[in-house]
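# Coordinate analysis (summary)
Each chain is listed here by its residues.
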Amino acid sequence: MEFDIRELWTAGGILLGFQLTAFHFRLSRELKFRDEGDITWLPWADLFSLISMLIMALCIFLLPILGIGLHIAANAFGVSLILFVGYPFALAGHYELFTKRDKDSRKGGHCPFQEKVVLAVTVFILFFYEAAYFLN
């Protein structure tokens, strides 16, 4: 399928805007907790989102400007999209929302089991996406 880089930039810009908005919300939330004296950190879900934004900025916007192939940008968009789709599920796993629990029963620590499962599934999907890309 042939497409123009402008189409990829439009889709990438929209996706990057959504990611930046979600990250701003998460960062504001964590900063509020820090100001209240709580321990703060970025869950792995947010780190996946940051990686997705970095891939988007470098591979979709910067590399094509430098004259590097459109096929790399298209592949990078797919990777960013997979990470973007996995993000809300990983975040729900971080807060252990896939099962009913009491308010004080959270024992998962920094990266609960549910989040680990979603992140592993996301990496598994990325592996097969990249394998299909390189086999073509």
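Residues numbered from 1 in each chain as written. Predicted model: local features only at pLDDT ≥ 70, side-chain atom pairs only at ≥ 80, totals over all residues. Heavy atoms only, no water.

### Remarks on the overall build of the chain
Where we set the bar: Put simply, DSSP marks the helices as runs of H or I at least four residues long and the strands as runs of E at least two long, and each gets a number from the N terminus on. Here's how the labels work: a residue is buried when its accessible area is under 20% of the maximum for its type, exposed when over 50%, partly exposed in between, all with a 1.4 Å probe on protein chains only. Residue contacts are counted whenever heavy atoms from the two residues lie within 4.5 Å of one another. Calculation of accessible area relied on Shrake-Rupley with a 1.4 Å probe; when residues are assessed, cover is drawn exclusively from the protein chains displayed. Charged residues are defined here as Lys and Arg on the positive side and Asp and Glu on the negative side; His and the ends of the chain fall outside this count. Where a charge lies is defined by one atom per residue type: Lys uses NZ, Arg uses CZ, Asp uses CG and Glu uses CD.
Tallying secondary structure elements over the chain gives 4 helices and 0 strands in all. For the chain, with 136 residues in total, the buried portion stands at 33%. Intrachain contacts of the chain at a sequence separation of at least 6 include 71% that bridge at least 24 residues. A total accessible area of about 8,800 Å² is found for the chain, and carbon and sulfur atoms account for 71% of it. Charge centroids of the chain, computed over 11 positive and 13 negative side chains, lie 9 Å from each other.

### Considerations on the nonpolar core
Stated precisely, the cut-off is as follows: For this analysis, a nonpolar core means a set of buried residues of the types Ala, Val, Leu, Ile, Met, Phe, Trp, Tyr and Cys, connected via side-chain atoms within 4.5 Å.
Core analysis: the largest hydrophobic core is formed by 12 residues, namely Ala45, Phe48, Val79, Ile82, Leu83, Tyr87, Ala90, Leu91, Cys111, Val118, Leu119 and Leu126. Listing elements by their share of this core, those giving two or more residues are helix 2 (44-65), helix 3 (70-94) and helix 4 (113-135). With 6 residues, helix 3 is the largest single contributor of residues to this core. Residues contacting Leu91, with those up to four places away along its chain left out, are Arg26, Pro43 and Ala45.

### A short note on the packing of aromatic side chains
To keep it simple, the criterion reads: Note on ring pairs: Phe, Tyr and Trp rings are taken, using the six-membered ring of Trp, and paired if centres are within 6.5 Å. Classes follow the plane angle, with under 30 degrees stacked, over 60 edge-to-face and the rest tilted.
Applying the stated criterion to the full structure yields 4 aromatic pairs. With a centroid separation of 4.7 Å and 70 degrees between ring planes, the pair formed by Phe124 and Phe128 is classed as edge-to-face. Of this pair, Phe124 and Phe128 both sit in helix 4, 4 residues apart, which is roughly one turn of the helix. The class of Phe128 is partly exposed, set by a relative accessible area of 45%. Here the aromatic cluster, defined as three or more aromatic residues joined through ring pairs, consists of Phe124, Phe127 and Phe128.

### Describing the packing of helix 2 against helix 3
What counts is decided by this rule: Between N-to-C directions, angles span 0 to 180 degrees; the directions come from axes that are lines fitted to C-alpha atoms, helices contributing only their stretch in contact. By the definition adopted for this analysis, an angle is roughly parallel if under 35 degrees, roughly antiparallel if over 145, roughly perpendicular if from 65 to 115, and oblique otherwise. Rotating anticlockwise by less than a right angle from the far helix to the near helix defines a left-handed crossing, while the corresponding clockwise rotation defines a right-handed one. Side-chain classes follow a simple rule in which Ala, Val, Leu, Ile, Met, Phe, Trp, Tyr, Cys and Pro form the nonpolar group, Asp, Glu, Lys and Arg form the charged group, and the remainder, Gly included, forms the polar group.
Interaxial distance between helix 2 and helix 3 falls to 9 Å at its minimum, and their mutual angle equals 160 degrees. In terms of their interaxial angle, helix 2 and helix 3 are classed as roughly antiparallel. Crossing hand, helix 2 versus helix 3: left-handed. Between helix 2 and helix 3, the contacting residues are Ala45, Asp46, Phe48, Ser49, Ile51, Ser52, Ile55, Met56, Cys59, Ile60, Leu63 and Pro64 on the first element and Ile72, Ala73, Ala76, Phe77, Val79, Ser80, Leu83, Phe84, Tyr87, Ala90 and Leu91 on the second. Looking at the contact of helix 2 with helix 3 residue by residue, the class counts come to 19 nonpolar, 3 polar and 1 charged.

### Details of the confidence of the model for the chain
Keep this limit in mind: Values of pLDDT, which run from 0 to 100, indicate the predictor's confidence residue by residue.
Here the chain averages 89 in pLDDT, and 94% of its residues register 70 or above. Across the chain, the element-wise mean pLDDT spans from 91 in helix 1 (residues 5-35) up to 94 in helix 4.

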